Amino acid sequence: MDEIAEAAGPNVKIIEDACQAHGASYKGEKCGAFGDVGCFSFYPTKNMTVGGDGGMITTNDERLANELRKLRDCGRVSRYEHDVFGFTSRLNTANAAFGRVQLRHLDEWNERRRSIARRYAGNLKDVDSIVLPPMGMKDIEPVFHLFAIRCDDRDALARHLGENGIDTAVHYPIPIHMQAAYRNAYEYKGGEFPISEQLSKQMLSLPMFPEMTNEQVDRVCQAINEHYA
Ligand SMILES: Cc1ncc(COP(=O)(O)O)c(C=O)c1O
């Protein structure tokens, strides 16, 4: 973030995508609080949600906050007046109520995610064939929305885990530029973003949710160890 802020200088606005970072912090400050605007997703799989789809924008800029309130409500400035084109992006009040309750649990859930991540990292540290996500970097407190490992035989490992009743996911098997929408719009053929393309074949997200027990984490690790043994 320091480097991004420096590159942006005083005239370029920073919009943070904190959609997988609810509660994460950098140098003691929460994600979503660095840029001019922070964006959070409450999609149902996120670290906290709202009992359905939803999202939140954070800003300290009062003028921007008023503009954004207007945009989410069809550009409405008063009950019957609209002065810009906007969206229908109001958060349903029942969903907001879910979110208020979930927010009270967020720190505790994130702490459990960090504990699960440490257990994974400890159990898997000697498996040479996989690369673990960065752990405990200075100044960074992660919240492990995912626990994604990297390996050369991703599909075979996923299959082995599946055969042992362990579900995994891939974030994501198709890089954005290879989605039909972008291929068609920009005529991408593949090879333009080789690192993204390589990672899309190597990344595997292991089970990660706050209710996961230590025994379940150990079982996943045992199956991974078996696969490579
Ligand atoms: C990093 C990131 N940005 C943006 C989004 C989009 O969030 P939403 O689906 O709530 O619009 C997601 C959701 O998966 C995400 O993970």
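The rules behind the values
Residues numbered from 1 in each chain as written. Predicted model: local features only at pLDDT ≥ 70, side-chain atom pairs only at ≥ 80, totals over all residues. Heavy atoms only, no water. Domains from an automatic or database assignment. Contact = heavy atoms within 4.5 Å. Buried area = accessible area lost by both parts, 1.4 Å probe. Salt bridge = Lys/Arg side-chain N within 4 Å of Asp/Glu carboxyl O. Polar contact = N/O pair within 3.5 Å; in protein donor to acceptor, adjacent residues only side chain to side chain. Nonpolar A, V, L, I, M, F, W, Y, C, P; charged D, E, K, R; others polar. Buried < 20%, exposed > 50% of the residue type's maximum accessible area, 1.4 Å probe, protein only. Helix = DSSP H or I, 4+ residues; strand = E, 2+ residues; numbered from the N terminus. Pairing = 2+ DSSP bridges. Axes fitted to C-alpha atoms, helices over the stretch in contact; angles between N-to-C directions. Near = heavy atom within 4 Å. Areas by Shrake-Rupley, 256 points an atom, 1.4 Å probe, with all protein chains shown as cover. Parallel < 35°, antiparallel > 145°, perpendicular 65-115°, else oblique. Left-handed = near helix turned anticlockwise from the far one by under 90°.

Draft legend 1. Layout of the domain arrangement of the chain. As far as domains go, the chain holds domain 1 (2-41 + 55-90) and domain 2 (106-228). Taken together, the contact between domain 1 and domain 2 spans eight residues of the former and nine residues of the latter. When the two sides are added together, the surface that domain 1 and domain 2 hide from each other amounts to roughly 710 Å², 51% of it contributed by carbon and sulfur. Among the residues of domain 1 in contact with domain 2, Gln20, His22 and Ser25 are the three that bury the most area, contributing 56% of the side total. Our enumeration of links across domain 1 and domain 2 arrives at zero salt bridges. Between the two partners, domain 1 and domain 2, sit three residue pairs in polar contact (both at pLDDT 80 or more). Broken down by class, the residue content of the side of domain 1 that touches domain 2 amounts to three nonpolar, four polar and one charged.

Draft legend 2. Geometry of helix H2 (residues 62-72). For H2, the complete set of buried residues consists of Leu64, Ala65 and Lys70. Contact partners of the buried residues in H2: strand E4 (37-41) and strand E6 (76-78). The residue sitting at the N-terminus of H2 and contributing the capping side-chain oxygen is aspartate 61; that oxygen lies 3.0 Å from the backbone nitrogen of arginine 63. Just downstream of H2, cysteine 74 is the residue with a positive phi angle, here 60°.

Draft legend 3. Spatial organisation of the sheet that holds E4. Pairing is mixed in the open sheet, where three strands are placed in the order E1-E4-E5. Either end of the sheet is taken by a strand with one partner, and the two such strands are strand E1 (15-17) and strand E5 (55-58). With strand direction ignored, the average angle separating the axes of adjacent strands in the sheet is 20°. Sheet analysis places E4 next to E5, joined by four bridges and oriented antiparallel. Within the sheet, the bridge partner assigned to phenylalanine 40 lies in E5 and is methionine 56.

Draft legend 4. Structural context of the environment of valine 143. Of note, valine 143 is situated in the loop between strand E9 (140-141) and strand E10 (147-151). Along the sequence, valine 143 and alanine 94 sit 49 residues apart, while their C-alpha atoms lie 26 Å from each other. Those residues in contact with valine 143 that lie beyond four places of it in its chain are Gln20, Ala21, His22, Gly23, Ala24, Asn47, Asn110, Arg113 and Arg114.

Draft legend 5. Main features of the pattern of salt bridges. Summed over the entire model, instances satisfying the criterion amount to 13 salt bridges. For the salt bridge of aspartate 2 with lysine 27, the shortest nitrogen-to-oxygen distance reads 2.5 Å. A residue pair is termed long-range when its members are at least 10 positions apart, and aspartate 2 in helix H1 (residues 2-8) and lysine 27 in the loop between strand E2 (25-26) and strand E3 (29-30) qualify at 25 residues. Residue classification places aspartate 2 among the partly exposed positions, given a relative accessible area of 41%. On the basis of relative accessible area, lysine 27 is assigned to the partly exposed category, the value being 47%.

Draft legend 6. View of the site of the ligand. Around the ligand, the neighbouring residues are Asp17, Cys19, Gln20, Ser41, Lys46 and Gly54. Separating an oxygen atom of the ligand from a side-chain N or O atom of glutamine 20 is a distance of 2.9 Å. Serine 41 is positioned such that a nitrogen or oxygen atom in its side chain is 2.6 Å from an oxygen atom of the ligand. Here the ligand, which alone exposes 400 Å², has 55% of that area covered by the protein. Here the shell around the ligand is composed, by residue class, of one nonpolar, three polar and two charged.

Draft legend 7. Structural context of the sheet that holds E9. The three strands lie next to each other as E3-E2-E9, forming an open sheet whose pairing is antiparallel. Two strands bound the open sheet, and with one partner strand each, they are E3 and E9.

Draft legend 8. Region of the structure containing the packing of helix H3 (residues 93-124) against helix H7 (residues 214-228). As a packed pair, H3 and H7 sit with axes 10 Å apart at the nearest point and diverge in direction by 30°. Considering their axes alone, H3 and H7 lie roughly parallel with respect to each other. Helix-helix and strand crossings are classified by hand; for H3 and H7 the assignment is right-handed. In this structure, H3 contributes Arg112, Ile116, Arg119, Tyr120, Asn123 and Leu124 to the contact, and H7 contributes Asn214, Val217, Asp218, Val220, Cys221, Ile224 and Asn225. Classifying every residue of the contact of H3 with H7 gives seven nonpolar, three polar and three charged.

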